[in-house]
Number of protein chains: 2
Amino acid sequence: MKVYLAGPDVFLPDAVEIGRIKVDLCARYGLTGLYPLDDAMDAAARDSLSIFRDNEAMMIEADAIIANLTPFRGPGADAGTAYELGYMAGRGKLCLGYSNDPSAYADRVRKFTEVSSRKGRLVDETGLIIEDFGLSDNLMMIHALELHGCALVLPRQGPADIWHDLSAFESCVRMAAERLAAEPASVAR
Amino acid sequence: MKVYLAGPDVFLPDAVEIGRIKVDLCARYGLTGLYPLDDAMDAAARDSLSIFRDNEAMMIEADAIIANLTPFRGPGADAGTAYELGYMAGRGKLCLGYSNDPSAYADRVRKFTEVSSRKGRLVDETGLIIEDFGLSDNLMMIHALELHGCALVLPRQGPADIWHDLSAFESCVRMAAERLAAEPASVAR
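Residues numbered from 1 in each chain as written. Chains lettered and ligands numbered in written order. Predicted model: local features only at pLDDT ≥ 70, side-chain atom pairs only at ≥ 80, totals over all residues. Heavy atoms only, no water.

> When you look at the overall build of chain A in this model, what are you seeing that I'm missing?
Within chain A, the secondary structure is distributed over six helices and six strands. Ordering the α and β elements of chain A from the N terminus gives β-α-β-α-β-α-β-α-β-β-α-α. Its C-alpha atoms give chain A a radius of gyration of 17 Å, within 12% of the compact-globule value 16 Å for 189 residues. By principal-axis analysis of the C-alpha atoms, chain A measures approximately 55 × 40 × 30 Å. Counted over contacts in chain A with a minimum sequence separation of 6, partners at least 24 positions apart contribute 72%. Surface accessibility of chain A: about 7,900 Å² in total, with carbon and sulfur atoms responsible for 51%. One finds the centroid of the 19 positive side-chain charges in chain A at a distance of 4 Å from the centroid of its 28 negative side-chain charges. (Helix = DSSP H or I, 4+ residues; strand = E, 2+ residues; numbered from the N terminus. Rg over C-alpha atoms; globule rule 2.2 N^0.38 Å. Contact = heavy atoms within 4.5 Å. Areas by Shrake-Rupley, 256 points an atom, 1.4 Å probe, with all protein chains shown as cover. Lys, Arg positive; Asp, Glu negative; His and termini not counted. Charge placed at Lys NZ, Arg CZ, Asp CG, Glu CD.)

Structure, rendered in structure tokens:
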């Protein structure tokens, strides 16, 4: 089973190395990890359209996605990763994901903006309503994982290094491998 | 042609009204707009899973998506909207989108975090690399629109009310209608 490894990991200073570690972890469970920087000598040297085409080709090739939904540059997940999770859900692929921040979305928003209550609903300082279902992030992503793969994996408490701790990632790899074992027909994919 | 109207518009205090206006604008161009709050007496009264199911059913029914990618609660697009754009791209639907903030992503990040240069690449204050291709947002969404529909629509300068100005939205509606006229076979869809 080929698994597309989505996430803002590609923006880490050690993006290539973290990708190698993730791919190695996949191999340990019998899975082939496809990481967006796999074949890039230097992502900075590539133009954005060729990166898009490479990533899309990898997603089409993959049977599953493991999306890193750890909050990125704001209270929620990286929009590029969210796009990719949607793309894979739309194509009927197995969807898995994790976040290294176990707090609820509404609680996280409080760190970025003043929050108040208006007509019984939470709003931010610009008056926009804050999703308050106790979920970790936007309901579309959370329920997509539940219904199109496995429920979002969250650590019991946030690790010291949210960008390099791979415990929750490894749980996703394990679950993907278990699915593979349960559905032997998919071996041929 | 049925068009799914995605965006953080659903979080506006006047979410239902802005949806009605968008649906009316679609009708003026011969399109049927499907808006996530269409059939909700009160979104707050619904549980998150039923909202997900309703939205997914609407996306499956729609032939196209118009995604509002105006930056939401941070420097980039709403992750829920990004997920939906990906879902529609994955299903091969016609993808359109707009943002009411014409600035480049990298410039927008400067408003949220200290930006510096490391080894020739822009990084934020946590050391994460900032995409710096001069694009309006994450390359996956921008190029998905180009290759799976129409290029992102941006106003020449940001409107006074980024959440209620519908000029860029109307451009998307017009382009979707033109596609419909150019491909008469799709009328039957």
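From this point, the discussion proceeds with the structure in view.
> Would you mind showing me how to read the packing of helix H1 (residues 15-28) of chain A against helix H6 (residues 167-182) of chain A here?
A pair of packed helices is characterised by two quantities: the angle between their axes and the separation of those axes. Residues and elements named next belong to chain A. Direction vectors running N to C along H1 and H6 enclose 35°, while the axes themselves pass 9 Å from each other. Both H1 and H6 take part in a crossing whose hand is right-handed. Contacts between H1 and H6 involve Lys22, Leu25 and Cys26 on the former and, on the latter, Phe169, Glu170 and Val173. Partitioning the contact of H1 with H6 into residue classes produces four nonpolar, no polar and two charged. (Axes fitted to C-alpha atoms, helices over the stretch in contact; angles between N-to-C directions. Left-handed = near helix turned anticlockwise from the far one by under 90°. Nonpolar A, V, L, I, M, F, W, Y, C, P; charged D, E, K, R; others polar.)

> Before we go on, may I ask you to explain the packing of aromatic side chains in this structure?
The description of two aromatic rings rests on the distance between their centres and on the angle between their planes. Inspection of the entire model under this criterion finds eight aromatic pairs over all chains. Measuring from centroid to centroid gives 6.2 Å for A:Tyr83 and A:Tyr87, while their planes differ by 25°, and the two rings are stacked. One end of the pair, A:Tyr83, and the other, A:Tyr87, are both in helix H3 (residues 79-90), four residues apart, so they sit about a helical turn from each other. Relative accessible area serves as the criterion here: at 0%, A:Tyr83 is assigned to the buried category. Residue classification places A:Tyr87 among the buried residues on the basis of a relative accessible area of 2%. Geometrically, the ring pair formed by B:Phe11 and B:Phe72 is stacked, given 5.5 Å between the ring centres and 25° between the ring planes. Residue B:Phe11 is located in the loop between strand S1 (2-6) and helix H1 (15-28), and its partner B:Phe72 is located in the loop between strand S3 (64-68) and helix H3 (79-90); the two are separated by 61 residues in the primary sequence. The pair B:Phe11 / B:Phe72 is uniform in exposure class, with both members buried. Connected via pairs of aromatic rings, a cluster forms that spans A:Phe11, A:Phe72 and A:Trp163. The aromatic ring of A:Phe169 is capped on one face by A:Lys22, whose charged end is 4.6 Å from the ring centroid. (Phe/Tyr/Trp six-rings, centres within 6.5 Å; stacked < 30°, edge-to-face > 60°. Buried < 20%, exposed > 50% of the residue type's maximum accessible area, 1.4 Å probe, protein only. Lys NZ or Arg CZ within 6 Å of the ring centre and 35° of its normal.)

> Sorry, what's going on with the side chain of A:Ser136 here?
Residues and elements named next belong to chain A. Inspection of the secondary structure puts Ser136 in the loop between strand S6 (121-123) and helix H5 (139-148). Note on Ser136: relative accessible area 8%, which makes it buried. Ignoring anything within four residues of it in the chain, the contact list for Ser136 reads Ser99, Asp101, Ser103, Ala104, Tyr105, Arg108, Ile142, Leu152 and Leu154.

> What is the right way to look at helix H2 (residues 48-61) of chain A in this model?
The periodicity of an α-helix, 3.6 residues per turn, causes residues three or four positions apart to be oriented the same way. Its 14 residues give H2(A) an end-to-end C-alpha distance of 20 Å, which sits within 8% of 20 Å, the value for a rise of 1.5 Å per residue. Turning to H2(A), its buried residues are A:Ser48, A:Ile51, A:Phe52, A:Asn55, A:Glu56, A:Met58 and A:Met59. Buried residues along H2(A) cover an arc of 160° about the axis, so they all sit on one side. Residues of H2(A) that are buried make contact with strand S1 (2-6), strand S2 (32-34) and H3 of chain A together with helix H5 (139-148) of chain B. (Expected span 1.5 Å × (residues − 1). Arc of directions from axis to C-beta.)

> Just checking my understanding: could you explain the pattern of salt bridges for this structure?
In a structure, side chains of opposite charge can pair up when their charged atoms sit close to one another. By the definition in use, this model includes twelve salt bridges over all chains. Close ionic contact of A:Arg73 with B:Asp124 constitutes a salt bridge, the shortest N to O distance being 2.9 Å. Of the two residues, A:Arg73 sits in the loop between strand S3 (64-68) and H3 while B:Asp124 sits in the loop between strand S6 (121-123) and H5, which places them in two different chains. There is no split in this pair, since A:Arg73 and B:Asp124 are both buried. (Salt bridge = Lys/Arg side-chain N within 4 Å of Asp/Glu carboxyl O.)

> I'm lost on the sheet that holds S1(B) in this one. Help?
Note: strands within a sheet are paired through backbone hydrogen bonds, in either parallel or antiparallel orientation. Residue and element names in this part refer to chain B. Pairing is parallel in the open sheet, where four strands are placed in the order S2-S1-S3-S4. The open sheet has two edge strands with one neighbour each: strand S2 (32-34) and strand S4 (94-98). Taking each pair of neighbouring strands and ignoring which way they run, the sheet shows an average axis angle of 25°. Bridge analysis of S3 against S4 gives five bridges, and the strand direction is parallel. Directly across from Ile65, in S4, lies its bridge partner Cys95. (Pairing = 2+ DSSP bridges.)

> Is there a simple way to explain unusual backbone geometry in this structure?
Most peptide bonds take the trans configuration, and most residues that are not glycine carry a negative phi. All names here are of chain B. Backbone geometry at Arg73 places phi at a positive 55°, although glycine is not the residue there. For Arg73, a relative accessible area of 16% corresponds to the buried category. Located in the positive-phi region is Lys119, a residue other than glycine, with phi close to 50°. Of note, Lys119 is situated in the loop between strand S5 (116-118) and S6. The class for Lys119 is exposed, based on a relative accessible area of 85%.

> Teacher, can you tell me more about empty space enclosed by the protein here?
In the structure shown here, the tally under the stated rule is two cavities of 30 Å³ or more. Of the volumes computed, that of the largest cavity is approximately 340 Å³. What lines the largest cavity is a set of 28 residues, among which A:Gly76, A:Ala77, B:Gly76, B:Ala77 and B:Ala79 lie closest to the centre. Approximately 30 Å³ is the volume found for the second largest cavity. Surrounding the second largest cavity, A:Tyr105, A:Glu131, A:Asp132, A:Phe133, A:Gly134, A:Leu135 and A:Asp137 form its lining. Class assignment of the residues belonging to the lining of the second largest cavity gives a composition of three nonpolar, one polar and three charged. (1 Å grid on protein atoms, 1.4 Å probe; cavity = no way out; pocket = protein on both sides within 12 Å on 5 of 7 lines; lining within 4 Å. Points joined across faces, edges and corners; volume = space filled by probe spheres on them.)

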